[in-house]
Every structure is written in structure tokens, then in C-alpha cells.
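Remarks on the overall topology
Listed below, chain by chain, are the residues.
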Amino acid sequence: MDELQMLRDLPAVANVSKDRITYSNAFKQVCVIRYLAGESPTKIFREAGLPPELIGYKRIERSVARWKAAVLKSVSGSSNMSNGEIITELVNLYVHAVTRKEKLDDIAGIANPDKANIGNAPHPLDGANVSGGVYIR
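Below is a short write-up of the structure. (Residues numbered from 1 in each chain as written. Predicted model: local features only at pLDDT ≥ 70, side-chain atom pairs only at ≥ 80, totals over all residues. Heavy atoms only, no water.)

**Considering the overall build of the protein chain**
The criterion, for reference: What counts as a helix is a DSSP run of H or I of at least four residues, what counts as a strand is a run of E of at least two, and both are numbered from the N terminus. Accessibility here uses a 1.4 Å probe with only protein chains present; expressed as a share of the type maximum, an area under 20% marks a residue as buried, one over 50% as exposed, and anything in between as partly exposed. Contact criterion: two residues are considered in contact whenever any of their non-hydrogen atoms come within 4.5 Å of each other.
Scanning the protein chain from terminus to terminus reveals six helices and four strands. Its helices and strands in sequence order give the protein chain the pattern α-β-β-α-α-α-α-α-β-β, from N to C terminus. Within the protein chain, the proportion of its 137 residues that are buried is 28%. In the protein chain, 40% of the contacts between residues at least 6 apart in sequence involve partners at least 24 apart.

**Things to note about the packing of aromatic side chains**
The geometry of an aromatic ring pair is captured by the separation of the ring centres together with the interplanar angle, meaning the angle of the planes. The condition is simple: Stacked, edge-to-face and tilted are the three classes for Phe, Tyr and Trp ring pairs, Trp counted by its six-membered ring, which pair at centre distances within 6.5 Å; planes under 30 degrees apart are stacked, over 60 edge-to-face, the rest tilted.
Inspection of the entire model under this criterion finds six aromatic pairs. Taken together, a centroid distance of 5.5 Å and an interplanar angle of 75° make the contact between tyrosine 23 and phenylalanine 45 edge-to-face. With tyrosine 23 in strand β2 (residues 21-23) and phenylalanine 45 in helix α3 (residues 41-47), this residue pair connects regions lying 22 residues apart in the sequence. Per residue, the accessibility class of tyrosine 23 equals that of phenylalanine 45, and both read buried. Look at tyrosine 23 and tryptophan 67: their rings are 5.4 Å apart centre to centre, the planes differ by 75°, and that puts the pair in the edge-to-face class. One end of the pair, tyrosine 23, is in strand β2; the other, tryptophan 67, is in helix α5 (residues 57-74), and 44 residues separate them in sequence. The buried category is assigned to tyrosine 23, whose relative accessible area is 9%. Each member of the aromatic cluster is reached from another via a ring pair, and the members are Tyr23, Phe27, Phe45 and Trp67.

**A closer look at the packing of helix α2 (residues 25-36) against α5**
Packed helices, taken two at a time, are described by the angle between their axes plus the distance between the axes. Using the following cut-off: Between N-to-C directions, angles span 0 to 180 degrees; the directions come from axes that are lines fitted to C-alpha atoms, helices contributing only their stretch in contact. Throughout this description, any angle smaller than 35 degrees is read as roughly parallel, any larger than 145 degrees as roughly antiparallel, any in the 65 to 115 degree range as roughly perpendicular, and the remainder as oblique. Under the convention adopted here, Pro, Cys and the residues Ala, Val, Leu, Ile, Met, Phe, Trp and Tyr are nonpolar, Asp, Glu, Lys and Arg are charged, and Gly plus all remaining residues are polar.
Between α2 and α5, the shortest axis-to-axis distance is 10 Å and the interhelical angle comes to 90°. The angle between the axes of α2 and α5 places the two elements in the roughly perpendicular class. Side by side, α2 and α5 meet where Phe27, Lys28, Cys31, Val32, Tyr35 and Leu36 of the first sit next to Val64, Trp67, Lys68 and Val71 of the second. Of the residues belonging to the contact of α2 with α5, the class tally is eight nonpolar, no polar and two charged.

**Here's the deal with the packing of α2 against helix α6 (residues 83-108)**
Keep this limit in mind: Crossing handedness: left-handed means the near helix sits turned counterclockwise from the far one by under a right angle, and right-handed means the same turn made clockwise.
Contact geometry for α2 and α6: axes closest at 9 Å, N-to-C directions at 160°. The angle between α2 and α6 places the two elements in the roughly antiparallel class. Regarding α2 and α6, the two cross each other, and that crossing is left-handed. Every residue of α6 that contacts α2 at Ala26, Gln29, Val30, Val32, Ile33 and Leu36 is listed here: Asn83, Ile86, Ile87, Leu90, Val91 and Tyr94. Among the residues making up the contact of α2 with α6, the classes are represented as ten nonpolar, two polar and no charged.

Rendered as C-alpha cells:
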């Protein structure tokens with residue numbers, strides 16, 4: 001399998017061409033959340049099946065920095081918030097977006113066998129250590 005096809009098959013990738021990789025919005029959001037929680041961008045990409053040797057270490061760093069800046073603009077009052085508070089807000093926004101998409105899919109009659117039941121799923125930060133304390137929902 002060639003590299004382009006391997007990238008196309010990854011959930012983290014929305015589109016790929018000879019010159020460009022477009023990452024899925026879900027991957028970008030999760031990537032920023034994990035980065036703010038202290039994980040290495042290279043580790044996040046590698047675990048998503050995106051080898052840094054193929055993507056490029058500098059590209060990974062620049063992408064995460066660009067996504068982080070965009071996300072921080074989207075979180076109201078983020079300049080006065082800790083990383084833990086920003087992560088909590090981002091997770092809540094992400095869960096809200098997924099729930100809204102699922103409702104729209106239901107209305108449109110779009111079947112989604114991979115649909116996660118967000119309402120009954122554990123919160124992504126339950127028990128997580130953020131900003132020196134344990135997040136409690």
C-alpha cells in the first residue's frame with residue numbers, strides 16, 4: 001500500500017493529496033485537548049497512525065500550534081483560564097458538537113453504526129488530573 005492510501009485510510013485524515021494533508025476536525029480537537037493536557041504532539045500523531053518521519057516533525061509542531069491558537073480564540077475568556085479549564089471547556093464543546101451532529105443525522109435518517117452514545121458515555125475527563133487537581137464532573 002502506498003503512503004497516500006495509508007493516510008487516506010486513517011480516521012485522523014479528512015483528505016490527502018500529493019501536496020497536502022487535511023486532518024479531520026475531530027482529530028484536530030482531540031489533538032489540542034491532549035496537547036494542552038501535556039502530551040507531545042509527536043506522540044499524538046504517532047498514536048493516530050501518522051508517523052512523524054512521514055509527516056515531518058516541524059509540520060506537526062506548526063499544525064498543533066496553529067490549531068491551538070484557533071481553539072483558544074474559540075474559547076471565550078481563555079486568556080484568563082488555566083489549561084485544565086480550557087480543556088474542560090473544549091471537551092464540553094466537542095461533546096455538544098457530536099451530540100448535535102447525531103441529532104441532525106437522526107432527523108435526516110442517516111444511519112451511523114459507529115455512533116457513540118455520548119449521553120451515556122463516560123466523560124473524557126472523568127478522573128483526569130488537570131491543572132494539579134482531579135476534574136470532577
